[in-house]
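Listed below, chain by chain, are the residues.
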Amino acid sequence: MHSSKAALISMFIIFVASSENCSNEDSLELHLSTKTPYRLVANKEDKELKQEAIKDCIPHKLWMVVRHGTRNPSAAFIEKMTDRLPEIRDLILQNNPEPTQYLRHSDLYAFQKWKARLRTSDEKKLTHEGEDEMLELAERMQARFPNILRSVYSNTSYYFRYTATHRTKASATFFAAGLFGRHVVKDVWFPKPIKNDPILRVILFMYLIYGSTGSLTVLQIMPALAAGSEK
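From a predicted model like this one, the values you see are computed outputs, not experimental measurements.

J.: A description of the packing of aromatic side chains should follow, citing residues and the corresponding values.
T.: Counted according to the given criterion, the structure contains eight aromatic pairs. Seen in terms of ring centroids, Tyr 159 and Trp 189 are 6.2 Å apart; in terms of plane orientation they differ by 45 degrees. Their pairing is tilted. Placement of Tyr 159 in strand E3 (residues 158-162) and of Trp 189 in the loop between helix H5 (166-180) and helix H6 (202-210) is noted, with a sequence separation of 30 residues between them. Look at Tyr 159 and you get partly exposed, because its relative accessible area is 28%. Given the relative accessible area of 46%, Trp 189 is considered partly exposed. Aromatic ring contacts, followed pair by pair, group Tyr 153, Tyr 158, Phe 160, Tyr 162, Phe 180 and Phe 190 into a single cluster.

J.: Break down a nonpolar patch on the surface for me, with residues and values.
T.: The grouping of Leu 30, Tyr 38, Leu 40 and Val 41 at the surface amounts to a nonpolar patch, some 350 Å² of accessible area in total. When you line up the elements, Leu 30 lands in the loop between strand E1 (5-10) and helix H1 (38-41).

J.: Requested: an account of helix H3 (residues 105-113), with residues and values cited.
T.: Among the residues of H3, those classed as buried are Asp 107, Leu 108 and Ala 110. Projected onto a plane normal to the axis of H3, the buried residues spread over an arc of 160 degrees and lie on a single side. Opposite the buried face of H3, by more than 90 degrees, sit the exposed residues His 105, Gln 112 and Lys 113. Lining the buried residues of H3 we find helix H2 (75-95).

How each quantity is defined
- Residues numbered from 1 in each chain as written.
- Predicted model: local features only at pLDDT ≥ 70, side-chain atom pairs only at ≥ 80, totals over all residues.
- Heavy atoms only, no water.
- Phe/Tyr/Trp six-rings, centres within 6.5 Å; stacked < 30°, edge-to-face > 60°.
- Helix = DSSP H or I, 4+ residues; strand = E, 2+ residues; numbered from the N terminus.
- Buried < 20%, exposed > 50% of the residue type's maximum accessible area, 1.4 Å probe, protein only.
- Patch = residues over 30% accessible without salt bridge, like charges linked within 9 Å, V, L, I, M, F, W, Y side chains within 5 Å.
- Areas by Shrake-Rupley, 256 points an atom, 1.4 Å probe, with all protein chains shown as cover.
- Salt bridge = Lys/Arg side-chain N within 4 Å of Asp/Glu carboxyl O.
- Arc of directions from axis to C-beta.
- Contact = heavy atoms within 4.5 Å.

Dropping the structure here:
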């Protein structure tokens, strides 16, 4: 197999997790719509994808566009959480002084001990949940494509690119750690992010050029992308 070059591009879902989980068997985390933790719905299949699975197709290169891992909410939302969630907690405790079939001793105790810990300075930063998402995603992809995503790092074989935010940089770092290990990731080269990146932030890029994207065709978009990628 030819030497492979894997281009791994990190961009970035919000889920505010608490260490205290309700004890109901039907986990609350399964009913959070777009905030559902990725670990509960991810494709856990990690068997190697054999080239025989696709006739006459031998993989030599892998490109990935990866959304960032779970991040904290915005500062404005954190402020609302800090004000409102303690009020909801107190109402729950006031209306449930004793355990019920829905709220057990451990649940009530968890509510009593709970307090909002997020600070506005941590807005939109990658969470521990998001770190694990990137680590595990990289491990699964490596298991599927072991001949392309080798565990030995080389800056001639791997290229990472991310937008200019904490959550995307951290996601790229933890994805790399999932491939090469935590002790090697410090040696991985990450290029300086491009402001208004024409590839990773294509919608914003098109707005800056045209003021709108609603009526643009592919033939109009591609020359602009080509021009922007050279800047």
